[in-house]
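Observations on the model geometry
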Amino acid sequence: TMKYICFSFVLFFIIPLHIQAQQWSEYFVVPEMFGCISDSREAAEQNARGLQKVIDYAISKGVTLVSSRNKKYYIDQGLVITGGLDINLGSATIVATDTMKMLTINNGKARQWAGTLRSFRLDMNGKANYGIYCENAIKLRITDGEIVNIKKTVSVCIWAKAMSFSWTTSIFMAHTLSLQAS
């Protein structure tokens, strides 16, 4: 009887918990899993490192990076996307605290989907030089985004060097819109 109870406990309690925990992280990751702290200017360095780690992890595992509305992540250095990635920030905001290229996309693999960036808000905070810097992004989809607080001198919202992308729904850019393609 004791063996049956132990077996039942493992079968009906431990295994389902283990499977449930694995299933969620097999599809989604959130910045807080990598040390990010929302709404803290003092955490800008920690958030930049954490967001870069979650981006790299999501690319390597093929999972979606998600966040929640009303979260605000301050960063002191730009973030780099080097592979196919699906990002849905749920209208969370990434705020620049220094001059930088906020989000550099450098995938560059021919015929490979660079990913989707949706439900995002980039706050250039009058400091960042670039909002989205597309160094080499083939087949990138950008949707439901907002780039705000663009500084009035020499600032570019979206810069594209070698890029094929599609805009869908709405992209709102406050103050100015600069789009360069070469």
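Before any of the text, the structure's been laid out above.
Calculation criteria
- Residues numbered from 1 in each chain as written.
- Predicted model: local features only at pLDDT ≥ 70, side-chain atom pairs only at ≥ 80, totals over all residues.
- Heavy atoms only, no water.
- Core = buried A, V, L, I, M, F, W, Y, C linked by side-chain atoms within 4.5 Å.
- Buried < 20%, exposed > 50% of the residue type's maximum accessible area, 1.4 Å probe, protein only.
- Helix = DSSP H or I, 4+ residues; strand = E, 2+ residues; numbered from the N terminus.
- Contact = heavy atoms within 4.5 Å.
- Pairing = 2+ DSSP bridges.
- Salt bridge = Lys/Arg side-chain N within 4 Å of Asp/Glu carboxyl O.
- Phe/Tyr/Trp six-rings, centres within 6.5 Å; stacked < 30°, edge-to-face > 60°.
- Expected span 1.5 Å × (residues − 1).

1. Regarding the nonpolar core
Ranked by size, the top nonpolar core spans 35 residues in total, and within it Met102, Phe120 and Ile132 carry the most contacts. Listing elements by their share of this core, those giving two or more residues are helix H2 (44-61), strand E3 (72-75), strand E4 (79-81), strand E5 (85-96), strand E6 (101-106), strand E7 (115-123) and strand E8 (130-148). Residue contributions to this core peak at 6 residues, all from E5. The residues contacting methionine 102, other than those within four sequence positions of it, are Ile75, Gly78, Leu79, Ile94, Val95, Ala96, Leu122, Asp123, Met124, Ala128, Tyr130 and Gly131.

2. Looking at the pairing of E7
In terms of burial, E7 is a largely internal element, 7 of the 9 residues being buried. The pairing of E5 with E7 spans 8 bridges and is classified as parallel. Paired with isoleucine 87 across the two strands is leucine 117, which belongs to E7.

3. Looking at unusual backbone geometry
The backbone of aspartate 39 sits at a positive phi, close to 65°, despite the residue not being glycine. Mapped onto the elements, aspartate 39 comes out in the loop between strand E1 (28-29) and H2. A relative accessible area of 51% means that aspartate 39 is categorised as exposed.

4. Notes on the pattern of salt bridges
When the charged atoms of two side chains with opposite charge come close together, those side chains can pair. Enumeration according to the criterion identifies 4 salt bridges in this entry. Here aspartate 86 makes a salt bridge to arginine 118, at a shortest N to O gap of 3.1 Å. Of this pair, aspartate 86 sits in strand E5 while arginine 118 sits in strand E7, placing them 32 residues apart in sequence. For aspartate 86, a relative accessible area of 22% gives the class partly exposed. Owing to a relative accessible area of 26%, arginine 118 belongs among the partly exposed residues under this scheme. A salt bridge links arginine 121 to glutamate 146; the shortest N-O distance between them is 3.0 Å.

5. Things to note about the side chain of threonine 64
By the secondary structure assignment, threonine 64 is in strand E2 (residues 64-66). Setting aside residues up to four positions removed in sequence, threonine 64 forms contacts with Tyr27, Phe28, Val29, Asp86 and Asn88.

6. As for the packing of aromatic side chains
In total, this model carries 2 aromatic pairs according to the counting rule given. Summarising the aromatic geometry, the rings of phenylalanine 34 and tyrosine 57 are spaced 5.4 Å apart at their centres and angled 50° between planes, so their arrangement reads as tilted. Residue phenylalanine 34 is located in the loop between E1 and H2, and its partner tyrosine 57 is located in helix H2; the two are separated by 23 residues in the primary sequence. Since its relative accessible area comes to 24%, phenylalanine 34 is described here as partly exposed.

7. A closer look at H2
It helps to recall that an α-helix has 3.6 residues per turn; residues three or four apart then point in one direction. The end-to-end C-alpha distance of H2, which contains 18 residues, comes to 25 Å, matching closely the 26 Å that a straight helix rising 1.5 Å per residue would cover. Those residues of H2 lying buried are Ala44, Asn47, Ala48, Gly50, Leu51, Gln52, Val54, Ile55 and Ala58. Looking at the packing, one finds that the buried side of H2 touches E1, E2, E3, E4 and E5. One or two residues past the end of H2 sits glycine 62, with phi positive at roughly 70°.

8. Things to note about the environment of valine 30
Relative to the assigned elements, valine 30 resides in the loop between E1 and H2. When the C-alpha positions of valine 30 and serine 67 are compared, they lie 5.7 Å apart, and in sequence the two are 37 residues distant.

9. Structural notes on the side chain of threonine 93
For threonine 93, the position within the fold is in strand E5. On the accessibility criterion, threonine 93 (6% relative accessible area) is buried. Setting aside its immediate chain neighbours within four residues, threonine 93 contacts Lys71, Lys72, Tyr73, Arg121 and Asp123.

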